[in-house]
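Structure at a glance
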Amino acid sequence: MKLMIGLLITTMSLPVFAATVSIRADDWFPMNGDLNGNTQGYMIDIATAIFTTAGHTVDYKVMPWERAVNSVREGKFDCVVGAYPEDAPDFIFPSVSWGMDSTGYYVKNESTWQFTGFDSLLSQKVGVISGYAYGDEFDALVKSRPDVFKDASGKDALDKNFKKLLNSRLDVVVESVAVANAKLKELGFSSQLKSAGTNPEKAPIYIACSPAKSTSKAYIELVEKGTKSLRESGQLKSILDKYGLQDWQ
């Protein structure tokens, strides 16, 4: 009997199934980025730590954001990272976020424009990224004013927008503060472009999984338990330290 109980406990501690968890997103460093290097992004590091501990492997690749969301929605892949609930309200989200994000507004150094609210954008040519959710009010404004808001697509959409800004084809680029700062440094544009303000509020960002796959609920449960374990063990801090980031809680 003792042997049988021990065997049962051991079996319960192992994953019910071992699988490859496919994660897709556009390049959104430091959340996710380089496929092959040591800095794939802190969200990919967190996902890898959680899923490999549970006996799974992670298949991570970069693609345009709209295609990533649509492909995961259709069940071609398992999850996206760097998602807001507005991006994919039908997806399965965990109860715990993987960061807090604020939106910034970027201009050329010589610009005197300052962000003072969404109305202040209407006199500018504003670069956004196709398929991104910026919040209900902003998204409605983007749809209603195609003369103001110009969207870029592709895996390098942010690169395109910052280059257009530098070449005066745009007046303002809208982007996550953390992502924009990392991208400006990568492109060598930090001395030529600047922030002209940010949204006062921050929003939680998540990993989110496909509504079409029966495994999604189990993956999200692993995320919830695993995030707590990583935080308690100090491993989350070690991951964030690698990117010069602090815990959002």
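Reading guide: rules and limits
- Residues numbered from 1 in each chain as written.
- Predicted model: local features only at pLDDT ≥ 70, side-chain atom pairs only at ≥ 80, totals over all residues.
- Heavy atoms only, no water.
- Phe/Tyr/Trp six-rings, centres within 6.5 Å; stacked < 30°, edge-to-face > 60°.
- Helix = DSSP H or I, 4+ residues; strand = E, 2+ residues; numbered from the N terminus.
- Buried < 20%, exposed > 50% of the residue type's maximum accessible area, 1.4 Å probe, protein only.
- Lys NZ or Arg CZ within 6 Å of the ring centre and 35° of its normal.
- Axes fitted to C-alpha atoms, helices over the stretch in contact; angles between N-to-C directions.
- Parallel < 35°, antiparallel > 145°, perpendicular 65-115°, else oblique.
- Contact = heavy atoms within 4.5 Å.
- Pairing = 2+ DSSP bridges.

Attention now moves to the packing of aromatic side chains. According to the stated counting rule, one finds 14 aromatic pairs in the structure shown. Measuring from centroid to centroid gives 5.7 Å for Phe-51 and Tyr-219, while their planes differ by 75°, and the two rings are edge-to-face. With a gap of 168 residues between them, Phe-51 in helix H2 (residues 42-53) and Tyr-219 in helix H7 (residues 216-233) connect regions that are remote in the sequence. Given the relative accessible area of 0%, Phe-51 is considered buried. In this structure Tyr-219 comes out as buried when scored by relative accessible area, which is 2%. Note on Trp-65 and Tyr-132: the rings are 6.2 Å apart at their centroids and 85° apart in plane angle, and the pair reads as edge-to-face. Here Trp-65 is found in helix H3 (residues 65-73), whereas its partner Tyr-132 is found in the loop between strand S6 (126-129) and helix H4 (136-144), with 67 residues between them in sequence. A relative accessible area of 4% means that Trp-65 is categorised as buried. Taking relative accessible area as the criterion, Tyr-132 reaches 14% and is therefore assigned buried. Connected via pairs of aromatic rings, a cluster forms that spans Trp-28, Trp-65, Tyr-105, Trp-113, Phe-115, Phe-118, Tyr-132, Tyr-134, Phe-138 and Phe-149. A cation over a ring is seen here: Arg-24 above Phe-77, with NZ or CZ 4.0 Å from the ring centre.

It is at 9 Å that the axes of H2 and H7 come closest, and there the two elements cross at 105°. With respect to H7, the axis of H2 lies roughly perpendicular. Here Ile-46, Ala-49, Ile-50 and Phe-51 of H2 come into contact with H7, specifically with Tyr-219, Leu-222, Val-223, Gly-226, Thr-227 and Leu-230.

Quick look at the sheet that holds strand S8 (residues 172-176) now. Pairing in this open sheet of five strands is mixed, and the strands run S7-S6-S8-S5-S9 from one edge to the other. The sheet is open, and its two borders are formed by strand S7 (149-152) and strand S9 (193-198), each paired with just one other strand. The mean inter-strand angle of the sheet, taken between neighbouring strand axes irrespective of direction, is 35°. Pairing geometry for strand S5 (residues 103-108) and S8, over four bridges, is antiparallel. Pairing of Thr-103 across the sheet is with Ser-176, part of S8. In this fold H4 packs onto S5, S6, S7 and S8, with an angle of close to 100° to the strand it touches most, S7.

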